[in-house]
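Read off the chains here:
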Amino acid sequence: MRKNTIVNQYDLPIEIKKEGKWYLASCPDWGACYAQARSVEEAISEITAVAKTLIEIHNEKNLEIPLRLVKTADYTKTIKFRSPLLVVASK
């Protein structure tokens, strides 16, 4: 018996503002999606985790996800995908 895995890729726009020691990350398309951290890298990681959790909750409750769906793929055995990699360099 084959089991398919569906992988959805969403566009997650992120805005990051610095306030004191904190970096505040928010998604302008999704008011409920925000996070704070002590570095830009951590803020990106945290808001990505928040978005994934919100997507899971929305899927469970059959609610609309307010992000643009970029790609849907149906995989049976091997999962191949490309993930954006953000590298922040300090000068």
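Above this text you will find the structure in question.
Residues numbered from 1 in each chain as written. Predicted model: local features only at pLDDT ≥ 70, side-chain atom pairs only at ≥ 80, totals over all residues. Heavy atoms only, no water.

Visitor: Which residues make up the environment of T53, and what values go with them?
Guide: Mapped onto the elements of the fold, T53 is located in helix α1 (residues 40-60). In the structure, T53 is positioned 20 residues away from C33 in sequence and 9.6 Å away in space, judged by C-alpha atoms. (Helix = DSSP H or I, 4+ residues; strand = E, 2+ residues; numbered from the N terminus.)

Visitor: How would you summarise the nonpolar core if you had to cite specific residues and measurements?
Guide: Most often, soluble globular proteins keep nonpolar side chains buried together rather than apart. Judged by nonpolar contacts, the single largest core of 14 residues is most densely connected at W30, C33 and L67. Elements that contribute at least two residues to this core include exactly β3 (22-27), β4 (30-37) and α1. Residue contributions to this core peak at 5 residues, all from α1. (Core = buried A, V, L, I, M, F, W, Y, C linked by side-chain atoms within 4.5 Å. Buried < 20%, exposed > 50% of the residue type's maximum accessible area, 1.4 Å probe, protein only.)

Visitor: Summarise the side chain of H58; cite the residues concerned and give the values.
Guide: By the element assignment, H58 lies in helix α1. Overall, the relative accessible area of 14% leaves H58 in the buried class. With residues near it in sequence (within four places) discarded, H58 still touches W30, L63, E64 and I65. (Contact = heavy atoms within 4.5 Å.)

Visitor: Describe the pairing of β3, with residues and values.
Guide: Taking every second residue as pointing to the same face, the buried face of β3 carries Y23, A25 and C27, while none of W22, L24 and S26 on the other face is buried. Taken together, the 5 bridges between strand β2 (residues 15-19) and β3 define a ladder with antiparallel strand orientation. Counted as the bridge partner of E19 is W22 from β3. Where β2 folds back onto β3 in an antiparallel hairpin, the turn is made up of 2 residues, including G20, whose phi is positive at roughly 65°. Examined bridge by bridge, β3 and β4 share 5 bridges and lie antiparallel to one another. Within the sheet, the bridge partner assigned to C27 lies in β4 and is W30. Counting the residues that bridge the hairpin from β3 to β4 gives 2 residues. (Pairing = 2+ DSSP bridges.)

Visitor: Please set out the sheet that holds β3 residue by residue, giving values where relevant.
Guide: Here 3 strands make up an open sheet; going across it, the order is β2-β3-β4 and the pairing antiparallel. If you trace the sheet from one side to the other, it starts and ends with β2 and β4, each paired once. Neighbouring strand axes in the sheet, compared pairwise and without regard to direction, differ in orientation by 25° on average. (Axes fitted to C-alpha atoms, helices over the stretch in contact; angles between N-to-C directions.)

Visitor: Any details on the environment of A35? Residues and values, ideally.
Guide: As for its position among the elements, A35 is in strand β4. In this structure the C-alpha to C-alpha distance between A35 and A25, which are 10 residues apart in sequence, comes to 5.2 Å. Those residues in contact with A35 that sit more than four places away from it in its chain are Y23, L24, A25, E46, I47 and V50.

In short, the description is geometric, and any link to function would need to be established separately.
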